[in-house]
Amino acid sequence: MLNFLVLCLGILFGVILSNGEVISWFRIQEMFRFDAFHMYGVIGSAIVVGALSMLVIRKFHVRSQTGDPIVIEEKNLEKGTVFGGLLFGIGWALTGACPGPLYALAGNGYPAFAVALVSAIGGAYVYGVVRNKLPH
Amino acid sequence: MDTHTVFWPWYITGPLIGLYVPVLYFLVNRHFGISSTFRDICTVTVRPKAQYFQYNWKDHRWRMIFVAGIVIGGFLSRSALSVAAKGVISDHTLSALASLGVRDFESLVPADLFSWGSLLTLRGVLLVVGGGFLVGFGTRYAEGCTSGHSIHGIATFQRASLIATLCFFLGGVFSTYVLLPLILKS
């Protein structure tokens, strides 16, 4: 049941990314060229809604559906945050897609993005192999 | 096609995406994040020996179900991309791209750069294979992407995520103004 719900949320997410034009290579180009507000509006309002709802969850001590307290997962600040962040940014502007849109585009019928998705998985593989040699 | 009946404005799209942060915490008590599935898929399919892949992926099964859903959602709304870029995308962006040699503005993804045929050209390989590789490598190195850092991380007031997001944009602007012109001319 839970898996089915998560699948439906994923399907809805793919539809949102598509109909919201988040999967558009042109929209991402426009964002990095600061030529339109669209993507800043999408990301900015997502952050505001996410932040407000997490404040509500904390204020009222909302528990997860299993009854466990909701614990916000911490992101550590490391050298990788900067180096990895820059590399991802470079790739994002080239493919015009961050990870979510890569999945949506693979389903959208642009076969090149299925190749980009496989390449991204390959990138994660190479990272895992060379991880110990990288500054963290 | 009337674009206004097809597309949702940012103030619908953004808040809907933002709601995934509390909904996923409530349902699976995990943070909203997508790039971690690249690691899961490696672990499940090729079972690499490296330490990085030694963890119980079954604890994160929900993430793979979620991204499988995204692929299906993309398929269901595949007609969304068939709208011409002109009139939707800023003229300034379109003319800058035209001067770099982009020719196809008939949909929201330039087919001349992202088709099977483009994969036979150097620029296509650099954009698709090179760009994709950096998305996977970079997001795992930074331990997050637009969803995990920029949306979930900033929404929960995490300094690392704010810095990560600034780096995403620095990399993206550098790529747009320096690398893309070089690649499109190759």
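Since this is a predicted model, take the numbers as computed values, not measurements. (Residues numbered from 1 in each chain as written. Chains lettered and ligands numbered in written order. Predicted model: local features only at pLDDT ≥ 70, side-chain atom pairs only at ≥ 80, totals over all residues. Heavy atoms only, no water.)

On a plain count of helices and strands, chain A comes out with 6 helices and 0 strands. Order of helices (α) and strands (β) in chain A, N terminus to C terminus: α-α-α-α-α-α. In terms of overall dimensions, chain A has a C-alpha envelope of 45 × 40 × 35 Å along the principal axes. Counting only residues that meet the buried cut, chain A has 57% of its 136 residues in that class. A sequence separation of at least 24 residues applies to 43% of the contacts in chain A between residues at least 6 apart. Approximately 5400 Å² of chain A is accessible, and the part contributed by carbon and sulfur atoms is 68%. The positive charge centre, built from 9 side chains, and the negative charge centre, built from 7, are 7 Å apart in chain A. (Helix = DSSP H or I, 4+ residues; strand = E, 2+ residues; numbered from the N terminus. Buried < 20%, exposed > 50% of the residue type's maximum accessible area, 1.4 Å probe, protein only. Contact = heavy atoms within 4.5 Å. Areas by Shrake-Rupley, 256 points an atom, 1.4 Å probe, with all protein chains shown as cover. Lys, Arg positive; Asp, Glu negative; His and termini not counted. Charge placed at Lys NZ, Arg CZ, Asp CG, Glu CD.)

In this section: the packing of helix H2 (residues 25-32) of chain A against helix H6 (residues 91-99) of chain B. Packed helix pairs are characterised by how far apart their axes lie and by the angle those axes make with each other. Across the interface, H2 of chain A lies against H6 of chain B with an axial gap of 10 Å and an inter-helix angle of 100 degrees. Classified by the angle their axes make, H2 of chain A and H6 of chain B are roughly perpendicular. Residues Trp25, Phe26, Gln29 and Glu30 of chain A of H2 of chain A touch H6 of chain B, and the partners they reach there are Thr93, Leu94 and Leu97 of chain B. Here the contact of H2 of chain A with H6 of chain B is composed, by residue class, of 4 nonpolar, 2 polar and 1 charged. (Axes fitted to C-alpha atoms, helices over the stretch in contact; angles between N-to-C directions. Parallel < 35°, antiparallel > 145°, perpendicular 65-115°, else oblique. Nonpolar A, V, L, I, M, F, W, Y, C, P; charged D, E, K, R; others polar.)

With respect to the helices and strands, the residue threonine 176 of chain B is situated in helix H9 (residues 159-185). Look at threonine 176 of chain B and you get buried, because its relative accessible area is 1%. Once residues within four sequence positions are removed from consideration, threonine 176 of chain B is found in contact with Gln29, Phe32, Arg33 and Ala93 of chain A together with Pro181 of chain B. A polar contact of 2.8 Å, which involves the side chain of threonine 176 of chain B, links it to the backbone oxygen of glycine 172 of chain B. (Polar contact = N/O pair within 3.5 Å; in protein donor to acceptor, adjacent residues only side chain to side chain.)

Our next topic: the confidence of the model for chain B. This prediction gives chain B a mean pLDDT of 94; 97% of its residues lie at or above 70. Model confidence for the complex is summarised by a pTM of 0.96, with the ipTM given as 0.97. (pLDDT = per-residue confidence, 0-100.)

Before going further, it helps to spend a moment on the packing of aromatic side chains. Counted under the stated rule, the structure contains 29 aromatic pairs over all chains. Measuring from ring centre to ring centre gives 6.0 Å for tyrosine 40 of chain A and phenylalanine 169 of chain B, while their planes differ by 35 degrees; the resulting arrangement is tilted. Taken together, the positions of tyrosine 40 of chain A in helix H3 (residues 38-59) and phenylalanine 169 of chain B in helix H9 put the pair across two chains. With relative accessibility at 27%, the residue tyrosine 40 of chain A sits in the partly exposed group. With 4.7 Å between their ring centres and 85 degrees between their planes, phenylalanine 88 of chain A and phenylalanine 168 of chain B make a pair best called edge-to-face. (Phe/Tyr/Trp six-rings, centres within 6.5 Å; stacked < 30°, edge-to-face > 60°.)

Taken together, the 123 residues of chain B in the interface contact 111 residues of chain A. Roughly 10300 Å² of surface becomes buried between chain B and chain A when both sides are summed, with 76% attributable to carbon and sulfur atoms. The interface formed by chain B and chain A includes 29 residue pairs in polar contact (both at pLDDT 80 or more). If you tally residues by element for the side of chain B that touches chain A, the top one is H9 of chain B, at 19 residues. (Buried area = accessible area lost by both parts, 1.4 Å probe.)

The next point concerns the state of the cysteines. Working definition: the covalent bond between the sulfur atoms of two cysteines is a disulfide. Applying the stated criterion across every chain yields a total of 0 disulfides over all chains. A disulfide-free cysteine, cysteine 98 of chain A has its sulfur positioned 6.2 Å from the sulfur of cysteine 145 of chain B, the nearest such atom. Cysteine 42 of chain B carries a free sulfur, and the closest cysteine sulfur to it, the one in cysteine 145 of chain B, is 15 Å from it. Given the relative accessible area of 2%, cysteine 42 of chain B is considered buried. (Disulfide = S-S within 2.5 Å.)

Trans peptide bonds make up most of the peptide bonds, and negative phi angles are found at most residues other than glycine. With a phi close to 65 degrees, glutamate 21 of chain A is a non-glycine residue in the positive phi region. With respect to the element layout, glutamate 21 of chain A can be found in the loop between helix H1 (2-19) and H2. Unlike most non-glycine residues, asparagine 29 of chain B shows phi in positive territory, near 55 degrees. Tracing the sequence through the fold places asparagine 29 of chain B in the loop between helix H3 (20-28) and helix H4 (36-45). What makes asparagine 29 of chain B buried here is its relative accessible area of 18%.

Residue and element names in this part refer to chain A. A full pass over the atoms with the stated rule returns 3 salt bridges over all chains. Between glutamate 21 and arginine 27 there is a salt bridge whose closest N-O contact spans 2.5 Å. Accessibility assignment for this pair places glutamate 21 and arginine 27 in one class, buried. Put simply, arginine 27 and glutamate 30 hold a salt bridge, and the shortest N to O gap is 2.7 Å. Note that arginine 27 and glutamate 30 are positioned in helix H2 at a spacing of 3 residues, about one turn of the helix. Of the two residues, arginine 27 and glutamate 30, neither departs from the other in class, the shared state being buried. The network of salt bridges with shared partners includes Glu21, Arg27 and Glu30. (Salt bridge = Lys/Arg side-chain N within 4 Å of Asp/Glu carboxyl O.)

Turning next to helix H6 (residues 111-130) of chain A. Across its 20 residues, H6 of chain A extends 29 Å between first and last C-alpha, which sits within 8% of the 28 Å expected from 1.5 Å per residue. Where H6 of chain A is concerned, the buried positions are Ala112, Phe113, Ala116, Leu117, Ser119, Ala120, Ile121, Gly123, Ala124, Tyr127 and Gly128 of chain A. Summarising the contacts, the buried residues of H6 of chain A are in contact with helix H4 (79-95) and helix H5 (99-108) of chain A together with H4 and helix H7 (122-141) of chain B. (Expected span 1.5 Å × (residues − 1).)

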